[in-house]
Amino acid sequence: MTKRSITFYLNGRPVEAYVSPKDTLVDLLRNLDHFGARESCGQGLCGCCTVLVNGTSVSGCLELAELIEGKNLDTIEGLDAGGELSVVQQAFIDAGAFQCGFCTSGFILMVEQLLDENDSPTPDEARDYLSGNLCRCAAYPEILDAVQLAADKRKSLQKEPA
Ligand code: FES
Ligand code: FES
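Please read all numbers here as calculations on a predicted model, not as lab measurements.

About the cut-offs
- Sequence positions are assigned chain by chain, starting from 1 and proceeding in written order.
- To label them, take the chains in the order written and letter them from A, then take the ligands in the order written and number them from 1.
- Restriction of local features to residues with pLDDT of at least 70 applies here, the model being predicted, together with a cutoff of 80 or more for giving and counting side-chain atom pairs; totals for whole chains, interfaces and linings are based on all residues.
- The side-chain numbers reported here are obtained from all heavy atoms of the structure, hydrogens and water having been left aside.
- A patch consists of residues exposed above 30% relative accessible area that lack any salt bridge, with like charges linked at up to 9 Å and nonpolar side chains (Val, Leu, Ile, Met, Phe, Trp, Tyr) linked at up to 5 Å.
- Method for areas: the Shrake-Rupley scheme with a 1.4 Å probe, in which residue coverage is limited to the protein chains shown.
- By convention in these notes, a salt bridge is any Lys or Arg side-chain nitrogen within 4 Å of a carboxyl oxygen on Asp or Glu.
- Each helix corresponds to a stretch of at least 4 residues labelled H or I by DSSP, and each strand to a stretch of at least 2 residues labelled E; elements are numbered beginning at the N terminus.
- Each residue is assigned to one of three classes by its accessible area relative to the maximum for its type, calculated with a 1.4 Å probe on protein chains only: buried under 20%, partly exposed between the two thresholds, exposed over 50%.
- Between N-to-C directions, angles span 0 to 180 degrees; the directions come from axes that are lines fitted to C-alpha atoms, helices contributing only their stretch in contact.
- For classification purposes, an angle smaller than 35 degrees is called roughly parallel, one larger than 145 roughly antiparallel, one from 65 to 115 roughly perpendicular, and anything else oblique.
- Less than a right angle of anticlockwise turn of the near helix away from the far helix marks a crossing as left-handed, whereas a clockwise turn marks it as right-handed.
- Here, two residues are considered to be in contact whenever any of their heavy atoms come within 4.5 Å of each other.
- Amino acid classes used here: Ala, Val, Leu, Ile, Met, Phe, Trp, Tyr, Cys and Pro are nonpolar; Asp, Glu, Lys and Arg are charged; the rest, including Gly, are polar.
- One less than the number of residues in a helix, times 1.5 Å, gives the span that helix is expected to have.
- Working definition: the arc comes from the directions between the helix axis and the C-beta atoms, pointing outward to the latter.
- Each domain span listed reflects an automatic or database assignment of domains.
- Whenever a nitrogen or oxygen atom comes within 3.5 Å of another N or O atom, the pair is scored as a polar contact, on the condition that within protein one atom can donate a hydrogen and the other can accept it, and that pairs from neighbouring residues in sequence are kept only if both atoms are in side chains.
- Aromatic pairs are defined between Phe, Tyr and Trp rings, using the six-membered ring for Trp, whenever the two ring centres lie within 6.5 Å; interplanar angles under 30 degrees are classed as stacked, those over 60 as edge-to-face, and all others as tilted.
- Any Lys NZ or Arg CZ found within 6 Å of a ring centre and within 35 degrees of that ring's normal is scored as a charge over the ring.
- Each pair of strands is called paired provided DSSP finds at least two bridges between the two strands.

Things to note about a nonpolar patch on the surface
Taken together, the side chains of L85, I93 and F98 present a nonpolar region at the surface, about 250 Å² in accessible area. Looking at the secondary structure, you find I93 in helix α2 (residues 87–95). Overall, I93 belongs to the partly exposed group, its relative accessible area being 45%.

Dropping the structure here:
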């Protein structure tokens, strides 16, 4: 199948890549050695492949790669820029909010978005916001603990003098 060149921004950096018409964003990311977005159901049902396109979460298993032309594509790999984990990433570790970890990058990206929109989500609000993400290991209680930990940490950081 004929490939064509596209350019876009991957975690803030300009990138050129070659894609075929059937490639998805997950295929594109694999070809660029980005393995954080995982393909599980392949049908837009589980959230394991979550990435952000121009700041909006999408299922990387469904979106065609060539449509990313000129846009911003953000993935879990962009969160620890500078080698330091984000508050949400650290909260997932501290809360033990994963077992196999297959769903974790999708959950973390969604929790980052949740806390950007609502700095104090209730457990019900968090559950509702994350309802499109599935965890086969059923780490849901710990994931909700991680949301609380991250929300508290973010607020305490905001209060610290610059
Ligand atoms: S793999 Fe994309 S939503 Fe499940
Ligand atoms: S930690 Fe295994 S699927 Fe969520």
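A short note on the packing of helix α3 (residues 104–117) against helix α5 (residues 140–159)
One way to put it is that α3 packs onto α5 with a least axis distance of 11 Å and a crossing angle of 45 degrees. Here α5 runs oblique to α3, going by the angle between their axes. Where α3 crosses over α5, the handedness of that crossing is right-handed. Contacts between α3 and α5 involve F107, V111, E112, L114, L115 and D116 from the first element and Y140, I143, V147, A150, A151 and R154 from the second. Its residues assigned to classes, the contact of α3 with α5 comprises 9 nonpolar, no polar and 3 charged.

Focus: the environment of G60
On the secondary structure map, G60 appears in the loop between β4 (56–59) and β5 (72–74). The class of G60 is buried, set by a relative accessible area of 0%. Taking the C-alpha atoms as reference points, G60 and E77, 17 residues apart in sequence, are found 14 Å from one another. When near neighbours in sequence (up to four residues on either side) are disregarded, G60 contacts T24, L25, V26, C49 and V51.

Observations regarding α5
Between its first and last C-alpha atoms α5 spans 29 Å; for 20 residues at 1.5 Å apiece the expected length is 28 Å, and the two agree. Listing the buried residues of α5 in full gives I143, A146, V147, A150, A151 and R154. Within α5, the buried residues cover an arc of 135 degrees as seen down the axis, which keeps them to one side. Lining the buried residues of α5 we find α2, α3 and α4 (123–129).

Examining the domain arrangement of the protein
Interfaces are often sized by the accessible area lost when the parts come together. Assigned domains of the protein: these are domain 1 (4–77) and domain 2 (81–155). Domain 1 and domain 2 are separated by 21 Å when their C-alpha centres are compared. Taken residue by residue, the interface counts 17 residues in domain 1 and 13 residues in domain 2. On the surface where domain 1 and domain 2 come into contact, there are 0 salt bridges. Across the domain 1-domain 2 interface, the total number found is 7 residue pairs in polar contact (both at pLDDT 80 or more). Looking at the side of domain 1 that touches domain 2, the elements that each hand over two or more residues are β3 (50–53) and β4.

Considering the packing of aromatic side chains
Evaluated as defined, the whole model comprises 1 aromatic pair. Between F107 and Y140 the ring centres are 6.4 Å apart and the planes differ by 70 degrees, which places this aromatic pair in the edge-to-face class. Linking F107 in helix α3 with Y140 in helix α5, this pair joins segments that are 33 residues apart in sequence. Since its relative accessible area comes to 1%, F107 is described here as buried. Positioned above the aromatic ring of F102 is the side chain of R38, whose terminal nitrogen or guanidinium carbon lies 5.4 Å from the ring centre.

Focus on the sheet that holds strand β2 (residues 13–19)
Ordered by their spatial adjacency, 5 strands build an open sheet running β2-β1-β5-β3-β4, and the pairing between neighbours is mixed. Edge positions in the sheet fall to β2 and β4, since each of these pairs with one other strand and no more. On average, each strand axis in the sheet is inclined to that of its neighbour by 40 degrees, with strand direction left out of account. Here β3 runs beside β4; their pairing, made up of 4 bridges, is antiparallel.

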